[in-house]
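Chain by chain, the residues:
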Amino acid sequence: MKKTILSLVVLCFTMAAQAQPGEPVSATLQVGDEVTMFYGSGALKAALDAAPQSGGVITLTAGLFDWNANWKITKSVSIYGAGWETDDANGTYLSRFGSSGNNWGNIVIEGTSEQPLENVTIEGIRMWSYATPLQISYAKNVTISRSWLGGLRINGKSENITIRQCSFYENNNTTSIESSEQVVGLTIKNCLISRVSNINSTSSVLIDHCILNPNNNGYQHSGTPIYTNNIVTGSSPFPNGTTAKYNLFLNATSLDASIGAEGSWLKNDVITPLFSDTNDNSVSYTETRTFELTDAAKTKYIGTDGTEVGLYGGEYPWTKKPSSPRVKGIELGVSGTTLNVTYDAETR
C-alpha cells in the first residue's frame, strides 16, 4: 500500500506540473519506495544516470528534454512521457526528445551480444524529427507505445520487440522501419506507418491493424513480414512472396500471384467515404484526424481476429492518450507530519 500511495503522490506532482505553462520540465525517478525529482532540460539524462540497472520508473512532464546523439539507454527502465502531441481537450501534452543544436539524438536502446538488454518500456514521447530513428541493438522484451517515432532500426540481433499505437508519419518526409540484423518477434500493431524496408531475411515480423501509406519507394524489404488487417495505399504495395491476409488495399487493382492475399479487398471493393472524419479516403495525417471507419466500413471489413481492419481493431485500438491517469485537480495540505493529498483523476 505504501508504494501505491507514493506512486499516486508522485503522479499528482508530475501531472500537475504538466498543466502549468512556464514551470520547468522535470523527470521523476521511482525505485521501489524511493522517489527523486530532477529539473531542467537535462532531467531525463540525470534520471537515467541515477537509475539502477533494472527496476527504475521515470515519469516526464511536458517539455523538451535534451538528448544527445551519443547517449544510450543501457538499463532496464520504464519511461512514461506526457504524450507526443498537445491536446488540452484530451489531456495530452508533449514530451519531446532533442536539443537546440545539431545533436538531435537518436534514441538508442542497446545491450551487447553477450548480454542483451531486457525489459525496456517507453510510452508517450516524441522524437525530434524523421532524421532521428529509434535504434535497438541486442535487446529483448522492449515495448514502445503511444509515441511518435522518426523511424525504427534494428541494428543488433533482438527478440520480442513490440511497437503499438505509434506514428511513423512525418509530413512529406519518409520514416521507415528497417532491420539489418535478425529480429525474432518484431510486432507492430495499430500504428501509422510510412515505409517498411530492408528487413533481414531471417527475421519474423508481424504488422497488424495499421495504416500503411508509403511514398514512391513503397516496400523494398527482402524479408517476409506478415501483414494482417491493415489499410494499405499504393498500387503495388508489397514485394512478391509477401503474406498479406485480410488487408484493405485502397489503390491496388490486382496483386502479384505470389502474394498470399487471403481475404483481402482491392480498390474496386473500397467504399467511399471509408473514414468518418473525411469525405474522401485520404490517409494524410493532421492533429484532428481520428481515422475511425464509418459504420458501414466497420461491418464490411472484418479481419482475421473478428474485429474491423485498421487502427481500431485488435487488442490495442488507436489512441494518443498516455495510459497514466489524468489528474485534473490537486490540493496539498500538511497536518503535523502527515502530507494530505486530495485529487481528482480519470482513467484514459
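Here we summarise the structure given alongside this text.

The rules behind these values
Here the residue numbering is sequential within each chain, running from 1 through the sequence in written order. Totals for whole chains, interfaces and linings use all residues, but because this is a predicted model, local features are given only for residues with pLDDT of at least 70 and pairs of side-chain atoms are given and counted only at 80 or more. Side-chain numbers come from the whole structure's heavy atoms, not from hydrogens or water. Numbering of helices and strands runs from the N terminus, with a helix taken as a DSSP run of H or I at least four residues long and a strand as a DSSP run of E at least two residues long. With a 1.4 Å probe rolled over the protein chains alone, any residue whose accessible area is under 20% of its type maximum counts as buried; one over 50% counts as exposed, and the rest are partly exposed. Any two residues having at least one pair of non-hydrogen atoms within 4.5 Å are treated as being in contact. In these tables, accessible area is a Shrake-Rupley quantity obtained with a 1.4 Å probe, and a residue counts as shielded only by the protein chains included in the view. When DSSP finds two or more bridges between two strands, those strands count as paired. By convention a nonpolar core is built from buried Ala, Val, Leu, Ile, Met, Phe, Trp, Tyr and Cys residues, the set being connected through side-chain atoms within 4.5 Å. Criterion for a disulfide: a pair of cysteine sulfur atoms at a distance within 2.5 Å. The salt bridge criterion pairs a side-chain nitrogen of Lys or Arg with a carboxyl oxygen of Asp or Glu, the two atoms within 4 Å.

1. Digging into the overall build of the protein
Item 1. A count of helices and strands for the protein gives 3 helices and 25 strands.
Item 2. Evaluated residue by residue, the protein yields a buried proportion of 47% over its 348 residues.
Item 3. Here the analysis covers contacts within the protein between residues at least 6 apart in sequence; of these, 44% occur between residues at least 24 apart.
Item 4. Here the protein has roughly 15,300 Å² of accessible surface; of this, 45% comes from carbon and sulfur atoms.

2. Details of the sheet that holds strand β19 (residues 211–212)
Note: strands within a sheet are paired through backbone hydrogen bonds, in either parallel or antiparallel orientation.
Item 1. Taken together, 4 strands build an open sheet; the order of strands is β16-β19-β21-β23 and the sheet is parallel. Since the sheet does not close on itself, it has two edges, and those belong to β16 (192–193) and β23 (248–249), each with one partner.

3. Topic: the nonpolar core
Item 1. Within the largest apolar cluster, 75 residues are counted, with the highest numbers of intra-cluster contacts made by Ile-73, Ile-109, Ile-163 and Ile-193.
Item 2. With residues near it in sequence (within four places) discarded, Ile-193 still touches Phe-168, Tyr-169, Ile-177, Ile-188, Ile-207, Cys-210, Ile-211, Leu-212 and Asn-213.

4. Description of the state of the cysteines
Item 1. The tally for this structure, following the rule as stated, stands at 0 disulfides.
Item 2. Cys-166 forms no disulfide, and the closest cysteine sulfur to it belongs to Cys-191, at a distance of 4.9 Å.
Item 3. In this structure Cys-166 comes out as buried when scored by relative accessible area, which is 0%.
Item 4. Between Cys-210, a free cysteine, and Cys-191, which holds the nearest cysteine sulfur, the sulfur-to-sulfur gap is 4.8 Å.

5. Brief notes about the pattern of salt bridges
Item 1. Inspection of the entire model under this criterion finds 6 salt bridges.
Item 2. When the shortest N-O distance is used, the salt bridge between Asp-49 and Lys-45 registers 3.0 Å. Note that Asp-49 and Lys-45 are positioned in helix α2 (residues 43–50) at a spacing of 4 residues, about one turn of the helix.
Item 3. Residue class for Asp-49 comes out partly exposed when judged on its relative accessible area of 48%.
Item 4. Using a relative accessible area of 22% as the deciding quantity, one classes Lys-45 as partly exposed.

6. Describing unusual backbone geometry
Item 1. In this model, Thr-272 is joined to Pro-273 through a cis peptide bond whose omega is 0°.
Item 2. The topology assignment puts Pro-273 in the loop between β23 and α3 (295–300).
Item 3. Unusually for a residue other than glycine, Tyr-138 sits at a positive phi of about 55°.
Item 4. Along the chain, Tyr-138 falls in the loop between β10 (134–137) and β11 (139–145).
Item 5. One non-glycine residue with positive phi stands out, namely Gln-165, at about 55°.
Item 6. Its place among the elements puts Gln-165 in the loop between β13 (158–164) and β14 (176–179).
Item 7. Of the residues examined, Gln-165 reaches a relative accessible area of 3% and is grouped as buried.

7. Regarding the environment of Arg-96
Item 1. Considering the arrangement of structural elements, one finds Arg-96 in strand β7 (residues 92–98).
Item 2. Here the alpha-carbon distance between Arg-96 and Trp-148, two residues 52 residues apart in the chain, equals 9.3 Å.
Item 3. In contact with Arg-96, not counting residues within four places along its chain, are Gly-63, Leu-64, Phe-65, Arg-126, Met-127 and Trp-128.

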